[in-house]
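Chain by chain, the residues:
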Amino acid sequence: MATPFKLLCFLFALMSLLPSSSCAQTCSGYTFSDNKVFSSCTDLPHLGASLYYNRDASANTVSVAFKAPQTSTGWVAWGLNPNATKMVGSQAIVAFLHSNGSMMAYPTQLDSYAPSMAPAALSFPVNDVSAAYVNKEMIIFATLGLVGGGTKFNQVWQEGSTVLNDVPKAHSTRGDNIKSLATIDFQ
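With an unreviewed UniProt entry as reference, the chain is termed DOMON domain-containing protein, source organism Ensete ventricosum. UniProt, in the comment section headed Subcellular location (unreviewed entry), describes the chain in these words: "Membrane".

All right, on to the side chain of Thr108 then. Tracing the chain through its elements places Thr108 in strand 6 (residues 103-110). Here Ala118 takes part through its backbone oxygen, which lies 2.7 Å from a polar atom of the side chain of Thr108. Setting aside anything within four residues of it in sequence, one finds Thr108 in contact with Ser90, Gln91, Ala92, Val94, Met117, Ala118, Ala120 and Leu122.

Attention now moves to the sheet that holds strand 8 (residues 137-145). Strand order in the open sheet formed by five strands is 1-2-3-8-7, and the pairing between neighbours is antiparallel. Sheet topology places strand 1 (40-43) and strand 7 (126-134) at the edges, where each strand pairs with a single neighbour. Each strand axis lies, on average, 15 degrees off the axis of its neighbour in the sheet, ignoring direction.

On to the packing of aromatic side chains. Enumeration according to the criterion identifies nine aromatic pairs in this entry. Residues Phe32 and Tyr52 carry aromatic rings whose centres are separated by 4.8 Å and whose planes lie at 85 degrees to one another, so their mutual orientation is edge-to-face. With Phe32 in the loop between helix 1 (4-14) and strand 1 and Tyr52 in strand 2 (residues 50-56), this pair connects stretches of sequence that are 20 residues apart. On the basis of relative accessibility, which here comes to 7%, the residue Phe32 falls in the buried class. On the accessibility criterion, Tyr52 (3% relative accessible area) is buried.

Reading guide: rules and limits
Residues numbered from 1 in each chain as written. Predicted model: local features only at pLDDT ≥ 70, side-chain atom pairs only at ≥ 80, totals over all residues. Heavy atoms only, no water. UniProt positions renumbered as here; feature names shortened; annotations may be inferred. Helix = DSSP H or I, 4+ residues; strand = E, 2+ residues; numbered from the N terminus. Polar contact = N/O pair within 3.5 Å; in protein donor to acceptor, adjacent residues only side chain to side chain. Contact = heavy atoms within 4.5 Å. Pairing = 2+ DSSP bridges. Axes fitted to C-alpha atoms, helices over the stretch in contact; angles between N-to-C directions. Phe/Tyr/Trp six-rings, centres within 6.5 Å; stacked < 30°, edge-to-face > 60°. Buried < 20%, exposed > 50% of the residue type's maximum accessible area, 1.4 Å probe, protein only.

This is the structure:
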């Protein structure tokens, strides 16, 4: 169902009173709960996702919030691939609604096209991992140590529709699900 904002934008654009591009909602308009504020954000090109971040150059870390639309039965993930522009080899954080009713988030290695999705240590430090489910969107929060002091990385993000026995299951291998990768510069 469309939100009242989207319906109004559509009607105004239809009547040529407002360019349709004026109605695009961007990451810059989002407010996080718990007074979390991020100095930078980017709307990712696929899956309706956004990445928010604060870089601490002196500590060589970046605090991130990854946000994507999702049902309560699905999962989301975001991560970095230090070596290639593909999913395999990525080191990610996955989040989903646990069977006990709480949000679960943890780091995992995407070491094949059928990864276990089990919790695993990453090759770079990851702290303050948490997740939230707000207004049909899943949000991952984490602080990452930047690999080798760099600021530019390959990133991947994903969503899947099924979690079974508290394990995220395979995502679609069509459409935006196979296009969700890009580079990010935390500079």
